[in-house]
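So the chains spell out like this:
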Amino acid sequence: MQGKLHLIRDGMKNRFVATWLVCLLLGSGIHAAEPAEQLTPQVVRFFETRIRPLLIDNCYQCHDAKKQRGGLRVDSRAALLSGGDQGAAIRPDKPDESLLVQAIRREGELKMPPKKKLSKEQIADLSQWVRIGAPWPGSTAAPAPVKREFQIGERDRAHWAFQPVKRPPIPVVKDRQWVRNPVDAFVMAKLEAKGFAPNPPADKRELIRRLYYDLIGLPPTPREVEEFVADTSPNAYEKRIDLLLASPRYGEKWGRHWLDLVRFAETNSYERDGRKPNAWRYRDYVVRAFNDDKPYDRFVREQLAGDELPDGGPDGIIATGYFRLGIWDDEPSDREQSRYDGLDDIVATTGQVFLGLTVDCARCHDHKIDPIPQKDYYRLLSFFHNINHYRNGGPTDERLIATDPDGQRAYDEGVRARQRKREDLQAALASFETDFRKLYEQIHGRSVKPPELRRLLRAEGAKLLGKERYQRYEEQRHELQTLMQTKIAGEMALCVTESGPRAPETFVLIRGNPHVKGDKVEPAFPVVLGGIKPILPTPPPGAKTTGRRLALANWIASPDNPLTARAMVNRIWQYHFGRGIVRSSSNFGLHGDKPTHPELLDWLADEFVSCGWSMKSLHRLMVSSNAYRMSSRANDKALSADPINDLFWRFDMRRLTAEEVRDSILTLSGTLNPKMYGPGVFTAIPAEVMAGQSMPGHGWGKSPFEEQCRRSIYVHVKRSLLTPILESFDAAETDRSTPVRFITTQPTQALSLLNGDFVHRQAKLFADRLRREAGTDVEKQVRLALELATTRRPTEGEIRRGIELIDALKTKDGIDSEKALTYFCLVVLNMNEFVYLD
């Protein structure tokens, strides 16, 4: 009995918890699962007189049934065991490990109650209550409820997107004459089933303009239009398709679509919005990949794990810049939270872009809609967990991309030489500082503390060790600082790196809180897609990565993955036809839009894989179809029955994209610079726009005028300072993936085209071009301007109105001929027909 006596003292003044109470409690065998009816009267009395009043008076105000700050309730034992955002509040029998006890003792970050510390007696009572198992009279005192494992039902598994892709038979339709290729058969089958007829074909001028913008993002020249109209050969259109797909302008147009998806920008966002080093190389990689018709499965593997591919090469390094494109906070208040926010950006973008799934909705809890448990989110995160957190440059974010052995050797020698120089300088500085410390201690009788070393050196270094030697010390110190800031000559690329061949453990984070770890998880694919755990090979000696990303990339890029091919063919269809077969192109989940033509989607997905994941093959198939060649004209009957064109009974008219608007203006003025690749260019931005930055103009350079006239894909993308005309016309959001751009109609668009500095300057250059090519004949000038803007021959009435406008500007407003023509050009650039595509 004496061996069981417990004397609790905890610094109390003349007050002891009676040892008989402890003996009774321990002797009664109370433990975490003790039924309430077995509690002794002494235990009940202890709880009702000491514990319950303490909780009511000090905790219920913020943690009861009505209010749960931090997600925590303390009005039942089950609630304490379940816990809140930080995890379980108590661990029965272990007060030192219980968050509640730590909080009232104020041992960590949590300090409760926040305004007034409990007395020592209250702390002792609550600690003792937890130590004896936290009995709660009037309850079953049952253990914390076990969280039910996420269940995936048969209905979830039967969802169309999770089914294997199976090539359906091509439908047999009544109107076989209309069917030019399998795409038409699937579209016509739906139309006939609903009693619809397809629209008549677009005329050749409309069609050629549509094709040019869709494939290269630029208008055809009047000569190209006339050549196409005059070409009566049966394959005239197909020849034009091949010509455009072979153009380097194709990669610039379609590369921009991909940059929308991967949240491309060249700066970090937040207040300073610093530059991402060499981010432009990723943009150039994407343009080249599209021009080369890089197989899409290879394109996927290079971006997710190019550095882990045995034949990755420079492209494999550059492609992993994908991981570094997100926003980055350079001074987070919670570094661990910031780290997981960065990983969440990767999981979210990867899930949405490559799989069409909103996996990121399961970060804090099981997905509320789709069959994606929270554990699946963290299983996917574990593939990326070993990635070094972004630091905006340096060895963890940049790598050499030498394309020849000599370049690599020169770079390696430069690194070694810098290392030797650094070691020599550090040794010289250390020698001087050691001598200074010894002399100082001899003279002053005390040692030099590290924080005061620099101050003392500046004050007495020259006196103790001589002016010449001290001056040399300062020179070497400056030389070392300069050396560390100097980069070795070589082509560097923004890329991903890892912390070595061993990955850290990954845990489910309770409610997404990185400070509250739940169950440990291992890399695995989503349960609804089989939940397979990949076989991860042991990294070879000298490996710098785990190989996990390559395992994930191979799974995503597999022909057997039901989502990857479907997601990409749906996007290509969307960019050609105005909307995807699945309108919610980054959400193939249960509450995403259902495919309007599911058989067509699966046929295209299978065809995509069968043709070697060739994107150009898909382009040819889609744009050569009669479905693509239809007119966009309205049909009252069809418009009434299917106003949003679910059946594809006509081609959807669209406005030019922001980049197409700007590039077309440059094309009309004759100033478009076709130069490709390289660092982003800085366009002229009015001071009034720059004033919106926290540091106006910071981080924005000034490129020569001819460089400013390059295509919009090469304009520097600064998250806090977008080029005004691009932003006005709904350029892609840069903070997250943009699967579909907004199409707005708002005042700044009209103001940009009527009053913007860029458009006014280009209108003047447009007028200069008309004078060069049409001479001084106003009628010829007007005719050429309208033909360039609309890619058709203007009517005599349109030409007459243009001439009348110029005459009125000169006679009524007293404007000279040169300026009158400039204003006419400004009107042309504001025509609906110029910025809309039939």
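To keep things clear, this report deals only with the structure shown in the data block. (Residues numbered from 1 in each chain as written. Predicted model: local features only at pLDDT ≥ 70, side-chain atom pairs only at ≥ 80, totals over all residues. Heavy atoms only, no water.)

As a further point, take the overall build of the protein. Looking only at helices and strands, the protein has 35 helices and six strands in total. Looking at the protein residue by residue over its 838 residues, the buried ones come to 51%. Taking as baseline every contact in the protein between residues at least 6 positions apart, the subset at least 24 positions apart corresponds to 69%. Carbon and sulfur atoms provide 53% of the accessible area of the protein, an area that totals close to 39,600 Å². (Helix = DSSP H or I, 4+ residues; strand = E, 2+ residues; numbered from the N terminus. Buried < 20%, exposed > 50% of the residue type's maximum accessible area, 1.4 Å probe, protein only. Contact = heavy atoms within 4.5 Å. Areas by Shrake-Rupley, 256 points an atom, 1.4 Å probe, with all protein chains shown as cover.)

Right, let's talk about the environment of Gln-352 for a bit. With respect to the secondary-structure elements, Gln-352 resides in helix 15 (residues 335-355). Taking relative accessible area as the criterion, Gln-352 reaches 17% and is therefore assigned buried. It is 19 Å that separates the C-alpha atoms of Gln-352 and Arg-157, two residues lying 195 residues apart in sequence. The contacts of Gln-352, once residues within four sequence positions are left out, are Leu-357, Thr-358, Asp-360, Arg-571, Ser-586 and Ser-737.

This paragraph deals with the packing of helix 32 (residues 778-790) against helix 34 (residues 817-829). Packing of helix 32 against helix 34 brings their axes to within 10 Å, and their N-to-C directions diverge by 25°. Here helix 34 runs roughly parallel to helix 32, going by the angle between their axes. Note on packing geometry: the crossing formed by helix 32 with helix 34 is right-handed. Every residue of helix 34 that contacts helix 32 at Gln-781, Val-782, Ala-785, Leu-786 and Ala-789 is listed here: Leu-821, Phe-824 and Val-828. In the contact of helix 32 with helix 34, the residues fall into seven nonpolar, one polar and no charged. (Axes fitted to C-alpha atoms, helices over the stretch in contact; angles between N-to-C directions. Parallel < 35°, antiparallel > 145°, perpendicular 65-115°, else oblique. Left-handed = near helix turned anticlockwise from the far one by under 90°. Nonpolar A, V, L, I, M, F, W, Y, C, P; charged D, E, K, R; others polar.)

Attention now moves to the packing of aromatic side chains. Tallying each qualifying case throughout the model produces 37 aromatic pairs. Centroid distance Tyr-322 to Phe-323: 5.2 Å. Interplanar angle 70°. Geometry classified as edge-to-face. Phe-323 shares its class with Tyr-322; the two are buried. Looking at Arg-210, its charged tip hangs above the ring of Phe-651, at a distance of 3.7 Å from the centre. Positioned above the aromatic ring of Tyr-322 is the side chain of Arg-263, whose terminal nitrogen or guanidinium carbon lies 5.2 Å from the ring centre. (Phe/Tyr/Trp six-rings, centres within 6.5 Å; stacked < 30°, edge-to-face > 60°. Lys NZ or Arg CZ within 6 Å of the ring centre and 35° of its normal.)

Let us look at the state of the cysteines. Cysteine pairs can be linked by a disulfide, which is a covalent bond between their two sulfur atoms. Counted under the stated rule, the structure contains zero disulfides. The thiol sulfur of Cys-361 is not disulfide-bonded, and the nearest other cysteine sulfur, from Cys-364, lies at 9.9 Å. (Disulfide = S-S within 2.5 Å.)

The next point concerns helix 18 (residues 453-465). Residues spaced three or four apart along an α-helix point in a common direction, a consequence of the helix completing one turn every 3.6 residues. Compared with the 18 Å implied by 1.5 Å per residue over 13 residues, the 15 Å span of helix 18 between its first and last C-alpha is markedly short. Along its length, helix 18 reaches its greatest deviation from straightness, about 55°, at Ala-459. Every buried residue of helix 18 is accounted for by Leu-453, Leu-456, Leu-457, Glu-460, Gly-461 and Leu-465. Count one or two residues on from helix 18 and you reach Gly-466, which has phi positive near 95°. (Expected span 1.5 Å × (residues − 1). Bend = angle between axes of the 7 residues up to and from the residue.)

Next up on the list: the nonpolar core. Core analysis: the largest hydrophobic core is formed by 119 residues, its most contacted members being Trp-258, Tyr-282, Tyr-296, Trp-573 and Leu-604. Per element, the largest residue contribution to this core is eight residues, and it comes from helix 21 (residues 564-577). Beyond its immediate stretch of four places on either side in the chain, Trp-258 contacts Tyr-282, Val-286, Phe-290, Tyr-296, Phe-299, Gln-303, Val-353, Phe-354 and Met-568. (Core = buried A, V, L, I, M, F, W, Y, C linked by side-chain atoms within 4.5 Å.)

This part takes up the environment of Thr-723. With respect to the helices and strands, the residue Thr-723 is situated in the loop between helix 28 (705-708) and helix 29 (724-728). On the basis of relative accessibility, which here comes to 7%, the residue Thr-723 falls in the buried class. Along the backbone, Thr-723 and Thr-683 are 40 residues apart, and their C-alpha atoms lie at a distance of 7.2 Å. If near-sequence neighbours (up to four positions away) are discounted, Thr-723 is found in contact with Thr-683, Ile-685, Trp-700 and Val-715.

Contact geometry of helix 7 (residues 182-193) with helix 22 (residues 598-610) gives a least axis separation of 9 Å together with a crossing angle of 170°. By the angle between their axes, helix 7 is roughly antiparallel relative to helix 22. For the pair helix 7 and helix 22, the contacting residues are Pro-182, Val-183, Phe-186, Val-187 and Lys-190 in the first and Pro-598, Glu-599, Leu-600, Trp-603 and Leu-604 in the second. Looking at the contact of helix 7 with helix 22, its residues break down into eight nonpolar, no polar and two charged.

With that out of the way, let us pick up the pattern of salt bridges. The full count for this structure, using the stated rule, is 70 salt bridges. Residue Glu-331 is joined to Arg-272 by a salt bridge in which the shortest nitrogen-to-oxygen separation is 3.1 Å. Residue Glu-331 is located in the loop between helix 14 (313-319) and helix 15, and its partner Arg-272 is located in the loop between helix 11 (248-261) and helix 12 (280-291); the two are separated by 59 residues in the primary sequence. With a shortest N-O distance of 3.8 Å, Arg-363 and Asp-344 are connected by a salt bridge. (Salt bridge = Lys/Arg side-chain N within 4 Å of Asp/Glu carboxyl O.)

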